[in-house]
Amino acid sequence: MKALTLYGSPMSLFTGRVRSYFIKAGIPFEEEPHASPHFFDVVLPKAGGRRGIPTIEFPDGRVIRDGVAIVDHFEAKSGDSFTPPSPNQRLVCLLMDVIGAEGLLRPAMHYRWNFPEENLEFLRPHFETVFVDETGEAADARMKELREVVSPLFGASRHYLDAIETLYVELLEKLNTHFKAFPYFLGGRPSRADFAMMAPLYGHLGRDPAALRVMYAHAPRLVRWVERMNRADRDVGEFPPHAPEYLPDDEVPKTLIDVLVHLAIDFVPETEAARERINAWLGEQNDLAPGTECVRGVGMADFVVRGTAMRAMAQPFRFYLLDRLAEHLESLAEPARSSAEALLARCGMAGIGDQRLDREIGRRDNLEVWR
């Protein structure tokens, strides 16, 4: 029987989440570039016409586009195999779902595209499998576009590269401290938090030569986590023997709280600025009918991080994911809700669940759409 097909790429940020999930969940799959006649003729129309990866195709022809939606599907099917049942640990997973998708795009784009001498020859064969012609000009043109146009949209501007690098190196050191103590984010078993963070921390930051050099220098234990997340076994030989379980009593370890406090430094102001920008855009739309596709970005958001003025594309998808966190908070009865809100406050994320748009976002036919 034909195996599940994962359309993705080793260099793809978002594919890293799904590939790791499939490996740890023991789901057989074959990975292919999203460039074949079959993909364009059969898969792409079912994926809403959006050539995004990861996209999966089941043997019966069903298609799911987007890494979060793919993990959602298999978690629902498996009874939440990698989603902790306790409220605070589940909250962390929902928060890191957002951060993994959008919270590290600046360093991911910076360390890929602003170090061409180290990275381009490594990346070129991957682009040539997706942007195909006899001369390689299509791949070079796409890489140039990503380097000169797309990367600055995600905030990897040359005007504040020092701030990006300083924040990222500090993050690496905190992640290294965490992974000295624990093999995974929430203990002895991978969770949705781990899969979410594999998106930025593998395809761009844990694999490209320039970024991997920095990770080896500042966070060798994080390098081991990246390796661990791409292996089917637990791969925890350097840790004392313990059960392959999440930490007991809904514990979120201080080392992880320290990581989230640091991530909040730019994640919170960017979220607040993006919310303001998108809501302003929504206020200008007089004919945005329900079911209209929600595009990747709707303008640029300006914000300040440690005294440095930054700018990045305001992306509605961030708030599609934050709505899930807000709904989780709303579902909790006391005292669990107060405990969860206190945890967010300790993480520097107080009120992050209130960062919601004036219109909700849903999914239909494999696309995010305005409700």
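The structure we're discussing is the one just above.
Reference entry: report on the structure contained in this document.

A few points about the layout of surface pockets
Reported here for the largest pocket is a volume of approximately 1200 Å³. When contributions to the lining of the largest pocket are tallied by element, the ones reaching two or more residues are helix H3 (67-78), helix H4 (87-103), helix H5 (105-113), helix H6 (116-130) and helix H7 (137-153). Of the residues forming the lining of the largest pocket, the biggest block, 6 residues, is contributed by H7. Taken together, the residues of the lining of the largest pocket sort by class into 23 nonpolar, 7 polar and 12 charged.

Observations regarding the nonpolar core
Within the largest apolar cluster, 118 residues are counted, with the highest numbers of intra-cluster contacts made by Leu201, Met215, Trp225 and Met349. Apart from residues lying up to four places away in sequence, tryptophan 225 is in contact with Phe179, Pro183, Tyr184, Phe185, Asp194, Met197, Met198 and Leu201. Counting residues in hydrophobic clusters, the runner-up holds 6 residues, among them Phe39, Val43, Leu44 and Val63.

Let's talk about the pairing of strand E6 (residues 308-313)
On a regular strand, each side chain points to the face opposite its neighbour's, so the side chains alternate between the two faces of the sheet. Both strand E5 (residues 300-305) and E6 contribute to a ladder of 6 bridges, which runs antiparallel. Following the sheet pairing, valine 305 is matched in E6 by threonine 308. With antiparallel pairing between neighbouring strands as the criterion, E5 and E6 make up a hairpin whose turn holds 2 residues, including arginine 306 at a positive phi of roughly 50 degrees.

Looking at the side chain of threonine 255
Summarising the element assignment, threonine 255 is placed in helix H12 (residues 254-283). Overall, the relative accessible area of 19% leaves threonine 255 in the buried class. Separated by 2.7 Å, the side chains of threonine 255 and histidine 178 make a polar contact. Excluding anything up to four places from it in sequence, threonine 255 contacts Thr177, His178 and Phe182.

Points about empty space enclosed by the protein
Going through the model one piece at a time under the given rule, you end up with 3 cavities of 30 Å³ or more. Its volume calculated, the largest cavity comes out at about 110 Å³. What lines the largest cavity is a set of 13 residues, among which Leu104, Pro107, Leu167, Tyr168 and Asp266 lie closest to the centre. For the lining of the largest cavity, the elements supplying multiple residues, two or more each, are H5, helix H8 (161-181) and H12. When its residues are assigned to classes, the lining of the largest cavity shows 9 nonpolar, 2 polar and 2 charged. Of the pockets and cavities examined, the second largest cavity occupies roughly 70 Å³. Lining of the second largest cavity is provided by 14 residues; of these, Glu102, Leu105, Arg106, Phe154 and Glu270 occupy positions nearest its centre. Of all the elements in the fold, those that place two or more residues in the lining of the second largest cavity are H4, H5, H12 and E6. When residues in the lining of the second largest cavity are grouped by element, the largest group, 3 residues, is from H5.

The rules we used
Residue positions are given per chain, counted from 1 along the sequence in the order it is written. The model is predicted, so local features are restricted to residues of pLDDT at least 70 and side-chain atom pairs to those at 80 or more, both for listing and for counting; the totals for chains, interfaces and linings are taken over all residues. To get the side-chain values, all heavy atoms of the structure are used, and hydrogens and water are removed first. Within this scheme a cavity is a closed region of a 1 Å grid, computed over the protein atoms alone, that accommodates a 1.4 Å probe without allowing it to escape, whereas a pocket is open but has protein on both sides within 12 Å along at least five of seven lines; lining residues each have an atom within 4 Å of a point. Grid points are joined across faces, edges and corners, and a volume is the space filled by probe spheres set on the points. Runs of E in the DSSP output that reach at least two residues are strands. Runs of H or I that reach at least four are helices, and both are numbered from the N terminus. Polarity classes work like this: nonpolar for Ala, Val, Leu, Ile, Met, Phe, Trp, Tyr, Cys and Pro, charged for Asp, Glu, Lys and Arg, and polar for all others, with Gly in that last group. Remark: nonpolar core denotes a set of buried residues (Ala, Val, Leu, Ile, Met, Phe, Trp, Tyr, Cys) joined through side-chain atoms within 4.5 Å. Residue exposure (1.4 Å probe, protein chains only): buried if accessible area is under 20% of the type maximum, exposed if over 50%, otherwise partly exposed. Any two residues whose heavy atoms approach within 4.5 Å are treated as being in contact. Two strands make a pair as long as DSSP finds a minimum of two bridges between them. Any N or O atom pair separated by 3.5 Å or less is treated as a polar contact, with the protein-specific requirement of one donor-capable and one acceptor-capable atom, and with residues adjacent in sequence counted only for side-chain atom pairs.

Geometry only, nothing functional implied.
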